[in-house]
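Single-letter residue listing:
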Amino acid sequence: MQRPPQEDFVGGKVNGDMLTSTFDLVEQMLYLYVRVVKAKDLPWKDLDPYVEVRLGNYSGTTRHFVKKMNPEWNQVFAFSMVRIQVSVLELNVKDKDDSVGRVMFDLNEIPKRVPPDSPLAPQWYRLEDGSGSKVKGELMLAVWMGTQADEAFPESWHSDAATVSGADALANIRSKVYLSPKLWYLRVNVIEAQDLIPGDRSRFPEVYVKAILGNQELISKVSRSKTINPIWNEDLIFVAAEPFEEPLILSVEDRVAPNKDVILGKCLIHLQYIERRLDHRPMNSKWYNLEKHVIVEGEKEEEINFASRIHVSLYLEGGYHVLDEPIDYSSGDLRPTAKQLQKSSIGVLELGILNAQGLPLMKTKDGRASTDAYCVAKYGHKWVRTRTIIDSLAPKWNEQYTWEVFDPWTVISIGVFDNCHLHGGGQARDSRIGKLRIRLSDFETDRAYSLSYPLLVFQPTGVKKMGEIHLAVRFTFSSLMNMMHLFSQPLLPKMHYIHPLIVEGNWNDKQIKMDKLRYQASQMVSMWLNRAEPPLRKEIVEYMLDVKSDMWSMRKIRANFLRNMNVLRGLITIRKWFYQICSWKNPITTLVIHVLYLILVLYPRCILPTIFLSLSLIVGWNYRYRPRHPPSMDIRLSCADNAHPDELDEEFDTFPTSRRIDIVRIRYDRLKSIAGSIQNVAGDIANLLERLNSLVSWRDPTATKLFVISCLIAVIVLYFMGFRVVTLVTGFYVLRHPWFHRYLPSAPLNFFTRLPTRIDYML
């Protein structure tokens, strides 16, 4: 399902600070920019002035002012020069439909500006009437020729969107850059409470603590000490977004009946005053006074202060990375939250979003079908959104963006959507056209790729190809030594391995809690970006973050099983080859194996060198079959081409299920919950086997080169040291004293976890 690259080209070099100054990955598009700043000394007092900017058949208008002789607009207009055949630019200052005066420009005399040149300074121009005579009034303008690299490009009114009107609609079609919030894990250790005053003193209180942070709510277990001084010593973990707007609310409640709880007291804590922990050192706890609110006279709420208080240790965890998407194909920055622990970038990713072809008609309005496509790319904390191309099945964006890279063993996610908010869409949802993920380590460094990827979307009726997107990608790293060093480093911050975030419960319980935290993190990112102007809406963010990736699907479990079988097929091939040797299918090969076997038996120290030498030769032989370009989404790998209608109905069913029979709903939900864990285990096994396979398949060229070099070094070391010495050293290393243990993952294990898998390309 993946087309070969249309072309490979090498763009401009990267300068000293690793940031390119020109859009060298995309086609340069010429625009005429007109900045209308303000006017003065207009002739009429009762004037409702606005400016009409006209270039051939295209025209745009500024905001309208009421009775203002010195209006200020400060608006920019951009006219694409692709279809313009006129030679004159006309700006008319109007009052309703009457012309006050105009300014004319000859396009041949308009200067060109290329960033990083400073912006062109606006100038005053005297207004003229229709005969060319000067009239009263002046207009401040700046007119220049530029490209999409101009700083004014994102905020401009574009001539190709002339049919869109209204400030809100225009804001929804412009290109934007978004930053997701800085996320922290908030650990609330509820220790104990003192001097509680229960409403019913004739019974033993069953007290628990409810903690609320925004839309997150966690409840502790009921204290075993059923007294007015209960003890819990339990951790509650939240996801908090900086800047901290929502306070933490702790309430101590008594469960007097199965469906009736009584609040014994509550307190409100602002997160900006909480300590931040960078390691696993013990933190100081604090006593907080509890307040109680009672209703007086049925209307007025009165606050009662009393001696009850709660003992809590709470702090923000800065040594962890807050996951908002699946770790197997996490995009971008996996550094810890605390800035003090973050390391500098090791490279730069440049993405040119060129165009798309063959998009389908997505919506119908006023009896006319259309598609208004835009593209969203996400890597790390930075999200980008291209401008919306109005009513086109082959949109050309030609926009280029840059990201800092901190770990090249991550992916960039790119999605294409149909804009449904151009004419007051209200509660409409932008439609999905397709999405793809590209792993950075699949690219050779300092090389620019120009590739076409299919846009695939999975629907209740099955998988559907929605066209193709053409991208230009280049990944450049600053230091080869830094890249080599990263192979030995853990993928996540050290705190995830030394002191796991969640330590209580079995593996399944821990996984469920981590999935809930990831879901809360994704919801926070979604709410934050939805508050931007223009908003990056919830349906877009959730689709890009794969919020529902852990939900049960018969199709996914079958796909993971086939992934395992595909890797194990290599073992079957070796068995067949060995059977052919024993059967003397090729006598010469069998004789060679006999001689080699005799040598290894007589000289056992050659066994391991021979194995590593054979591996290096096999990898070298496979160099001819290495991937020529980064792969894309694979329909066959995802088992999306032959999914049964009943499986599709199950996959797109709601969770909990929407079936009417209660017993079916309970069993169905239980099955999906249990099978989801089995699905993840099958996926982990497939990841393990595919990482082994990637060592010899040149999927990650840098990793494979390191593996070949390691094999050759092992040949030399094992030959001269001898098998017995190596065996002795290895045995003593495995049996070493716990004093010499290092609880971080070893360098070989870190190298192995960074090897690519094919999960990046599953739908």
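- If you check an unreviewed UniProt entry, the chain appears there as C2 domain-containing protein from Solanum stoloniferum.
- Turning to the chain, the UniProt annotation filed under Sequence similarities (unreviewed entry) states: "Belongs to the MCTP family."

**Re the overall build of the chain**
Inference 1: Regarding its fold elements, the chain presents 13 helices and 30 strands.
Inference 2: Its C-alpha atoms put the chain at 105 × 90 × 55 Å along the principal axes.
Inference 3: Looking at the chain as a whole, 48% of its 763 residues are labelled buried.
Inference 4: Long-range pairs, those at least 24 residues apart, make up 71% of the contacts in the chain with a sequence separation of at least 6.
Inference 5: Here the chain has roughly 39700 Å² of accessible surface; of this, 57% comes from carbon and sulfur atoms.

**Things to note about the pattern of salt bridges**
Inference 1: A complete count under the given rule lists 35 salt bridges for this structure.
Inference 2: A salt bridge links Arg277 to Glu317, with the shortest nitrogen-to-oxygen separation between them at 2.6 Å. With Arg277 in strand E18 (residues 276–277) and Glu317 in strand E20 (residues 300–317), this pair connects stretches of sequence that are 40 residues apart. Residue Arg277 shares its accessibility class with Glu317, and that shared class is buried.

**A look at the packing of helix H4 (residues 507–530) against helix H5 (residues 538–545)**
Inference 1: The geometry of H4 relative to H5 is characterised by a closest axis approach of 9 Å and an angle of 140° between their N-to-C directions. Taken together, the axis directions place H4 and H5 in an arrangement best described as oblique. In terms of crossing hand, the pair formed by H4 and H5 is right-handed. Contact residues: H4 offers Arg518, Ser522, Gln523, Val525, Ser526, Leu529 and Asn530, while H5 offers Lys538, Val541, Glu542 and Leu545.
Inference 2: Considering only residue class, the contact of H4 with H5 consists of 4 nonpolar, 4 polar and 3 charged.

**What to know about the environment of Met29**
Inference 1: Along the chain, the position of Met29 falls in the loop between strand E1 (7–9) and strand E2 (31–40).
Inference 2: Met29 has contacts with Gly146, Thr147, Gln148, Arg387, Trp397 and Asn398, leaving out every residue within four places of it along the chain.

**Examining the state of the cysteines**
Inference 1: Scanning all chains against the criterion turns up 0 disulfides.
Inference 2: Here Cys420 stays free of any disulfide, with the sulfur of Cys375 as its closest cysteine sulfur at 16 Å.
Inference 3: Residue classification places Cys420 among the buried positions, given a relative accessible area of 16%.

**Regarding a nonpolar patch on the surface**
Inference 1: On the surface, a nonpolar cluster with roughly 810 Å² of combined accessible area is contributed by Phe561, Leu562, Met565, Leu568, Leu571, Ile574, Trp577 and Phe578.
Inference 2: Locating Ile574 in the fold gives a position in helix H6 (residues 554–582).

**Re unusual backbone geometry**
Inference 1: Of note, the amide linkage connecting Glu242 to Pro243 takes the cis form, showing an omega dihedral of 10°.
Inference 2: Following the sequence through the fold, Pro243 ends up in the loop between strand E15 (231–242) and strand E16 (248–257).
Inference 3: Of the consecutive residues Glu533 and Pro534, the connecting peptide bond is found in the cis state with omega at 0°.
Inference 4: With respect to the helices and strands, Pro534 occurs in the loop between H4 and H5.
Inference 5: For Asn398, which is not glycine, the phi torsion reads 50° and is therefore positive.
Inference 6: Here Asn398 is to be found in strand E26 (residues 396–405).
Inference 7: Looking at Asn398, the relative accessible area reads 3%, which means it is buried.
Inference 8: With phi around 60°, Asp446 is a residue other than glycine that occupies positive phi space.
Inference 9: In this fold, Asp446 is placed in the loop between strand E28 (431–439) and strand E29 (448–459).
Inference 10: Classification of Asp446 as partly exposed rests on a relative accessible area of 46%.

Basis of the calculations
- Residues numbered from 1 in each chain as written.
- Predicted model: local features only at pLDDT ≥ 70, side-chain atom pairs only at ≥ 80, totals over all residues.
- Heavy atoms only, no water.
- UniProt positions renumbered as here; feature names shortened; annotations may be inferred.
- Helix = DSSP H or I, 4+ residues; strand = E, 2+ residues; numbered from the N terminus.
- Buried < 20%, exposed > 50% of the residue type's maximum accessible area, 1.4 Å probe, protein only.
- Contact = heavy atoms within 4.5 Å.
- Areas by Shrake-Rupley, 256 points an atom, 1.4 Å probe, with all protein chains shown as cover.
- Salt bridge = Lys/Arg side-chain N within 4 Å of Asp/Glu carboxyl O.
- Axes fitted to C-alpha atoms, helices over the stretch in contact; angles between N-to-C directions.
- Parallel < 35°, antiparallel > 145°, perpendicular 65-115°, else oblique.
- Left-handed = near helix turned anticlockwise from the far one by under 90°.
- Nonpolar A, V, L, I, M, F, W, Y, C, P; charged D, E, K, R; others polar.
- Disulfide = S-S within 2.5 Å.
- Patch = residues over 30% accessible without salt bridge, like charges linked within 9 Å, V, L, I, M, F, W, Y side chains within 5 Å.

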